[in-house]
Amino acid sequence: MADPAEPEFSFDPTDPGFRRNPYPVYATLRDQHPVLAGPLNSWVVSRYEDVEALLRDRRLGKDLGGTQFFAQVAGGGPDEEPPPFLGLGLDGWDANLFRLLDPPDHTKLRNLVAAPFTPSAVEALIKSVTTVVDELLADLPERFDVMEVLASQLPVRVLGDMMGIDREDQKLLAAWSTEIAHILELGAAPSEDVAVACQRAVAQCTEYFVKVLREREGGDGTDLITELTRAGETIEGLTIHQIAAVCVLLIVPGLDTFANLIGNAAVMLAEHPDVLERLAADPSLADDVLDEVLRLEPPTHASWRVVNEPITLHGQTMERGAVVLLMLAAANRDERAFDNPDTLALGKHGRKHLSFGRGIHYCLGDNLSRLMAKEALIGLAARCASIKPDDDEVALKPGLWLRGPARLPVTTTPRVGSSR
């Protein structure tokens, strides 16, 4: 029986201590509160088996419209001035951005963009991705910022080239992505400046893609945007604004979360010099290294869902309209699923991390993200015999669920005889 003098457990993701090291809190959630009433009337689910099952559960969706959670973060009605939250108060079609995320709209839009991200299509990009990595890491100084030189540059170059966007406009996409990424931080309470900047970036980025889509209508190019315009002509009822929204949704997770992944990976290689050495000697280990980075330090710690039919789990009933936070990072370290879950162990875990999700909302960019990340890790290991962060504590980006370095200056020892 619990000591009545003990304070009741409170899950507060805004606590600075939690932000610095959330893993002890995740362990408490798994052990004592596998389904917990969380912030903003959400439910927090943390065990691997439960998170994996709910990621696949068709009783859950992603359309926030009409939920109490949405009302709290985006305003209660048309006559009520919405709080400055992350672009969800935009006028017109933008206000329905999240309504595109459930079938049948989700199925229609996912099918629209599926072809360029299949394993075979991504495999054809290996040479171009390797070329970009080599260009970014050419003449690498002994001291550099991993986020500035590699993590933020690689995805915008690769995705921008796939879309046929010139290098100057790629800089715009990168800047917009940084602002729009706040929209993924459901439940955050941003300053008015941050929220307004996010709203402005969503509007500007969308307007940009509408313009480019119109310019390429009827064209015969092979870039992703031209292919989207052609594919869009075959889908009844699809609007140019919906295609533009797809482009926005491709850019934001594709750039910001990937930058987090590379930053987190560089930190882990610094903490495990033996892994850095093994990877340099055997680049085929990149898959195993990447899986452990994604398991131990994923770029996104939570994925949200909306309850469409009541679900009872561990004695708690999540009613229709409730929002569920599926704690991917907590599930990835569940001792019920993994032996020594807090330890980096290459190729020794039979179960797969949940960082790319499961079910119909499984990350569409999985194959491309893996390719870019593996080439980035191989490129770093080939050039750096050691990696040491300059700061004692890595400065993290602000936010609740997205986790990665804001900057990562490192000092390295060049690898002698590197030919890459």
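Everything numeric in this text was worked out from a predicted model, so none of it was measured.

Novice: Just to check I follow, could you spell out the pairing of strand β2 (residues 42–45) for this structure?
Specialist: The side chains of a regular strand alternate between the sheet's two faces. Side chains of β2 alternate between two faces, with Ser42 and Val44 and Trp43 and Val45 buried alike. Where strand β1 (residues 35–37) and β2 come together, three bridges link them in antiparallel fashion. Residue pairing across strands places leucine 36 opposite valine 44, the latter belonging to β2. Pairing geometry for β2 and strand β8 (residues 323–327), over four bridges, is parallel. Its bridge partner lying in β8, serine 42 is registered against valine 323.

Novice: What should I look at first to understand unusual backbone geometry in this one?
Specialist: With the exception of glycine, the majority of residues adopt a negative phi angle, and the majority of peptide bonds are in the trans configuration. We note that aspartate 139 has phi near 50 degrees; this positive angle belongs to a residue other than glycine. Within the fold, aspartate 139 resides in the loop between α7 (126–136) and β4 (143–145). One non-glycine residue, asparagine 340, lies in positive phi territory at about 45 degrees. Here asparagine 340 shows up in the loop between α16 (328–331) and α17 (366–383).

Novice: Teacher, can you tell me more about the pattern of salt bridges here?
Specialist: Side-chain pairs of opposite charge can arise where the charged atoms are in close proximity. Here the structure, examined in full by the defined rule, presents 24 salt bridges. Here lysine 171 makes a salt bridge to glutamate 168, at a shortest N to O gap of 3.2 Å. Of this pair, lysine 171 and glutamate 168 are both found in helix α10 (residues 167–180), three residues apart, which corresponds to roughly one turn of the helix. Looking at lysine 171, the relative accessible area reads 54%, which means it is exposed. In this structure, a network of salt bridges that share partners links the residues Arg30, Asp31, Asp334, Glu335 and Arg336.

Novice: Is there a simple way to explain the sheet that holds β2 in this structure?
Specialist: Remark on secondary structure: sheet strands pair via backbone hydrogen bonds, oriented parallel or antiparallel. Overall, mixed pairing links the five strands, which are arranged β1-β2-β8-β5-β3 in an open sheet. In the strand order of this sheet, the two ends are held by β1 and β3 (60–61), each with one partner. Against the sheet, helix α3 (residues 48–56) contacts β2, β3, β5 (302–307) and β8, and its axis sits at roughly 130 degrees relative to β8.

Novice: Could you clarify how one ought to interpret the environment of glycine 221 in this entry?
Specialist: By the element assignment, glycine 221 lies in the loop between α11 (192–216) and α12 (224–232). For the pair glycine 221 and glycine 164, spaced 57 residues apart in sequence, the C-alpha separation works out to 9.0 Å. Apart from residues no more than four positions distant in its own chain, glycine 221 is found in contact with Thr226 and Arg230.

The rules behind these values
Residues numbered from 1 in each chain as written. Predicted model: local features only at pLDDT ≥ 70, side-chain atom pairs only at ≥ 80, totals over all residues. Heavy atoms only, no water. Buried < 20%, exposed > 50% of the residue type's maximum accessible area, 1.4 Å probe, protein only. Helix = DSSP H or I, 4+ residues; strand = E, 2+ residues; numbered from the N terminus. Pairing = 2+ DSSP bridges. Salt bridge = Lys/Arg side-chain N within 4 Å of Asp/Glu carboxyl O. Contact = heavy atoms within 4.5 Å. Axes fitted to C-alpha atoms, helices over the stretch in contact; angles between N-to-C directions.

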